[in-house]
Amino acid sequence: MKKPHVIVIGAGPGGLTASMTLAHQGFRVSVFEKNKYVGGRNGRLRQGPYSFDIGPTFLMMHPILEQVFRDVQRDIHDYIKLTKLDPMYTLTFRDKTIRPSSDHQKMAQQIKALFPGNEKGFEKFLRREKLRFERMYPCLQKPYSSIGSYISKPFFKAIPHFAIGKTLFQILNGYFDDKTLCTAFTFQAKYLGMSPWQCPGAFAIIPFIEHHWGIHHTDGGLCTISEKMASVAEEFGAEFHLSTPVKKIRVRNKKAHGVILESGEVIDADAVVINADFGYAMENLFEQGVLRKYTPQKLRKKRWSCSTFMIYMGLNTLYDEPFHNIIFADDYKTNITEISRGEKISDDMSIYIRNASVIDKTLAPKGRSALYILVPVPNTLKTEKWDRQLILSYREKILKRVMDKTGMKDLTSRIVCEKIATPDDWEQKNSIFIGSTFNLGHNLSQMLHLRPHNRFEEVKNCYIVGGGTHPGSGLPTIYESGRISSRLVCKDFGVTPAYGIRH
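Cut-offs used in this document
Residues numbered from 1 in each chain as written. Predicted model: local features only at pLDDT ≥ 70, side-chain atom pairs only at ≥ 80, totals over all residues. Heavy atoms only, no water. Helix = DSSP H or I, 4+ residues; strand = E, 2+ residues; numbered from the N terminus. Contact = heavy atoms within 4.5 Å. Pairing = 2+ DSSP bridges. Axes fitted to C-alpha atoms, helices over the stretch in contact; angles between N-to-C directions. Salt bridge = Lys/Arg side-chain N within 4 Å of Asp/Glu carboxyl O. Buried < 20%, exposed > 50% of the residue type's maximum accessible area, 1.4 Å probe, protein only. Patch = residues over 30% accessible without salt bridge, like charges linked within 9 Å, V, L, I, M, F, W, Y side chains within 5 Å. Areas by Shrake-Rupley, 256 points an atom, 1.4 Å probe, with all protein chains shown as cover. Lys, Arg positive; Asp, Glu negative; His and termini not counted. Charge placed at Lys NZ, Arg CZ, Asp CG, Glu CD. Parallel < 35°, antiparallel > 145°, perpendicular 65-115°, else oblique. Nonpolar A, V, L, I, M, F, W, Y, C, P; charged D, E, K, R; others polar. Phe/Tyr/Trp six-rings, centres within 6.5 Å; stacked < 30°, edge-to-face > 60°. Lys NZ or Arg CZ within 6 Å of the ring centre and 35° of its normal. Core = buried A, V, L, I, M, F, W, Y, C linked by side-chain atoms within 4.5 Å.

## Remarks on unusual backbone geometry
Inference 1: In this chain, Asp86 is followed by Pro87 through a cis amide linkage whose omega measures 0 degrees.
Inference 2: With respect to the helices, strands and loops of the structure, Pro87 is situated in the loop between strand E6 (82-84) and strand E7 (90-92).
Inference 3: In the segment running from His470 into Pro471, the intervening peptide bond is cis, with an omega of 5 degrees.
Inference 4: Structurally, Pro471 is set in the loop between strand E20 (462-464) and helix H15 (475-492).
Inference 5: Although it is not a glycine, Ala163 adopts a positive phi angle of roughly 50 degrees.
Inference 6: Within the fold, Ala163 resides in the loop between helix H5 (153-158) and helix H6 (168-173).

## Here we look at the environment of Phe187
Inference 1: Mapped onto the secondary structure, Phe187 falls in the loop between helix H7 (179-184) and helix H8 (205-213).
Inference 2: Phe187 sits 145 residues away from Tyr332 along the chain, and the two C-alpha atoms are 9.6 Å apart.
Inference 3: Dropping the residues within four chain positions of it, Phe187 is found in contact with Tyr89, Leu91, Ile326, Phe328 and Tyr332.

## Section: the sheet that holds strand E11 (residues 246-252)
Inference 1: Read from one edge to the other, the open sheet built from 3 strands follows the order E11-E12-E13, with strand pairing classed as antiparallel. Of all the strands in the sheet, just E11 and strand E13 (266-268) have a single pairing partner and so form its edges. Strand after strand, the sheet turns through a mean of 30 degrees between neighbouring axes, direction not considered.
Inference 2: Across 3 bridges, strand E12 (residues 255-261) lies against E13 in antiparallel orientation. Directly across from Val259, in E13, lies its bridge partner Ile267.

## Section: the pattern of salt bridges
Inference 1: Counted by the stated rule, this structure contains 23 salt bridges.
Inference 2: The partner of Arg74 in a salt bridge is Glu235, and the shortest N-O contact between them spans 3.0 Å. Of this pair, Arg74 sits in the loop between helix H2 (62-70) and E6 while Glu235 sits in helix H9 (residues 223-235), placing them 161 residues apart in sequence.
Inference 3: For Arg74, a relative accessible area of 26% corresponds to the partly exposed category.
Inference 4: Taking relative accessible area as the criterion, Glu235 reaches 42% and is therefore assigned partly exposed.
Inference 5: Among the salt bridges present, the one from Glu418 reaches Arg395, with a minimum N-O distance of 2.6 Å. Placement of Glu418 in strand E19 (residues 415-421) and of Arg395 in helix H13 (residues 388-405) is noted, with a sequence separation of 23 residues between them.
Inference 6: Ionic contacts of the salt-bridge type, sharing partners, join the residues Arg94, Asp330, Arg401 and Lys405 into one network.

## Some remarks on the sheet that holds strand E9 (residues 215-218)
Inference 1: Spatially, 3 strands are ordered E5-E9-E6 in an open sheet, and the strand pairing comes out antiparallel. At either margin of the open sheet sits one strand with a lone partner, and together these are strand E5 (59-60) and E6.
Inference 2: By the bridge criterion, 3 bridges tie E6 to E9 in an arrangement that is antiparallel. Bridging from a neighbouring strand, Thr83 pairs with His217 of E9.

## Observations concerning the environment of Thr97
Inference 1: Mapped onto the elements, Thr97 comes out in strand E8 (residues 97-98).
Inference 2: In sequence terms Thr97 and Ile420 are 323 residues apart; their C-alpha atoms lie 28 Å from each other.
Inference 3: Beyond its immediate sequence surroundings of up to four residues, Thr97 is in contact with Thr90, Leu91, Thr92, Gln110 and Leu114.

## Digging into a positive patch on the surface
Inference 1: A cluster of like positive charges, contributed by Lys254, Arg292, Lys298 and Lys301, occupies part of the molecular surface.
Inference 2: For Arg292, the location among the structural elements is in the loop between helix H10 (278-284) and helix H11 (296-299).

## Here's the deal with the packing of helix H4 (residues 119-136) against H8
Inference 1: Orientation of H4 relative to H8, taken along the N-to-C sense of each, is 105 degrees, at an axis distance of 9 Å. Considering the angle they form, H4 stands roughly perpendicular to H8. On H8, the residues touching Phe122, Phe125, Leu126, Glu129, Lys130, Arg132, Phe133 and Met136 of H4 are Ile205, Pro207, Phe208, Ile209, His211 and Trp213.
Inference 2: Considering only residue class, the contact of H4 with H8 consists of 10 nonpolar, 1 polar and 3 charged.

## A word on the pairing of strand E18 (residues 369-377)
Inference 1: In terms of residue burial, E18 counts as a mostly covered element, since 9 of its 9 residues are buried.
Inference 2: Alternating positions in E18 separate into two faces, Ser369, Leu371, Ile373, Val375 and Val377 on one and Ala370, Tyr372, Leu374 and Pro376 on the other, with burial throughout.
Inference 3: Across 9 bridges, the pairing between strand E15 (residues 307-315) and E18 is antiparallel. Looking at E18, one finds that Met313 is bridged to Leu371.
Inference 4: Here 3 bridges tie strand E17 (residues 351-354) to E18, and the two strands are oriented antiparallel to one another. When the sheet's bridge partners are listed, Arg354 is paired in E18 with Tyr372.

## Points about the environment of Met408
Inference 1: With respect to the helices and strands, the residue Met408 is situated in the loop between H13 and E19.
Inference 2: A C-alpha to C-alpha distance of 8.0 Å links Met408 and Glu321, two positions 87 residues apart in sequence.
Inference 3: Setting aside anything within four residues of it in sequence, one finds Met408 in contact with Tyr319, Glu321, Ile353, Leu371, Val402 and Met403.

## Overview of the packing of aromatic side chains
Here the distance between the centres and the angle between the planes together describe a pair of aromatic rings.
Inference 1: Counted according to the given criterion, the structure contains 33 aromatic pairs.
Inference 2: Between Phe122 and Phe125 the ring centres are 6.2 Å apart and the planes differ by 20 degrees, which places this aromatic pair in the stacked class. Of this pair, Phe122 and Phe125 both sit in helix H4, 3 residues apart, roughly one helical turn.
Inference 3: Overall, Phe125 belongs to the buried group, its relative accessible area being 0%.
Inference 4: Each member of the aromatic cluster is reached from another via a ring pair, and the members are Phe52, Phe58, Tyr89, Phe93, Phe169, Phe187, Trp197, Tyr312, Phe328, Tyr332, Tyr352 and Tyr372.
Inference 5: Over the ring of Tyr144 we find Lys142; its NZ or CZ atom is 5.3 Å from the centre of that ring.

## A look at the nonpolar core
Inference 1: Grouped together as the largest cluster of nonpolar side chains are 118 residues, with contacts concentrated most on Leu91, Phe122, Leu172, Phe185, Phe240 and Tyr312.
Inference 2: In terms of residue count, H15 provides more of this core than any other element does, 6 residues in total.
Inference 3: Not counting residues within four places of it along the chain, the set of residues in contact with Phe240 comprises Ala11, Leu16, Val31, Val38, Ala230, Ala233 and Glu234.
Inference 4: Among the nonpolar cores identified, the runner-up in size contains 30 residues, and Ala256, Val272, Ala281 and Leu285 belong to it.

That's the geometry; what it means functionally is another story.
Shown next as structure tokens:
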């Protein structure tokens, strides 16, 4: 019997999850990736002897990744070395430095020392958010292809825990009476495309996930995960075509039948899995008139996440600085508001620095380091273009702030090589819609059934994985999107999973 042929557009984390899973289930899988490397935003950037993660650097909720490998009868630990970080990261405020730990006793003691009286709030946070997580997470592991998807016992059990009407900051303020401490548990919201003062309270499960499982690093960077996933997919027969961009998805009678490559070659398939950036795919991969719900005009009216200004630096020294360090803007709320409104590039910026070479010696030559700097900035929808003068002046402001706030006082004299990525670069060179690096926002009107569906609602035999579909952005949920879409493909083609994933 002929194997159903599935084309996967893009070799990002969601596409790789689907590729290895479907190949293991007996599908013929062809992956077309426009870059010369796998991973997409979870790929590897090389600058001479220096290696950098292009995007994600925090590995949260590692059991989900372990499950992805178990789904195909593989043990992730045979492929990847995971290191748990303690502290998870360093948070540098104007007048305080916090080093959150997933060791609950250590964290409670730190809170007691820095914010006396709030340690009992931390105990309450762990108890209450554990229950919220246990009720909500099963809802994130199933598709919401129809309104009827809400009719399930797990969803009804979760309803009281959605904290409808409350923001993330309000939820944390119920545990802690200090605004700085609340911020330490809510800063992740900006990566969901929202301010913690606007983000739905249900996302309090994110800091819980961090404090429950901790933050991990993988030797060689998180891009190693994508590289190993591709290797596993190939073990099961998946074929990868790198440097091979897709031009269009072939649609006939509202059904996907394959793709047309940029080269003009036509490839037939029984199903297509889209792992290209969601906004980019909607705007570019379908012929005009195919889509009704996700036209260019309608896409721009949706809520999108921020972008990032990136600096990747190879240094001729190794600083004794934190692995992950987040330097908060002096007026953090104003900074986040400016980013959320998307109209102003803040001079009083927040900066994330990863100094991974302090524990990972594979990223740079001995005695040297690969430094990763990220600054959240507005996407390109409303802001000015990043011309050379703006790029250089903003770089100078960032590096000055880094040198002022850390022990890297001579940073600029230590740079051997450097690469900058602006929102315009994300949009134009990386095919990311309006440079929105964290994809669609996660407001209530863009979640569950109201988010683009895993089984694409506009075209049959077409599926979506990645941050633009359910359950959302961030590596764990992107892996889940790949698992959900894989189950749907199996169900739609009458394939009974041999192991791991279930309908």
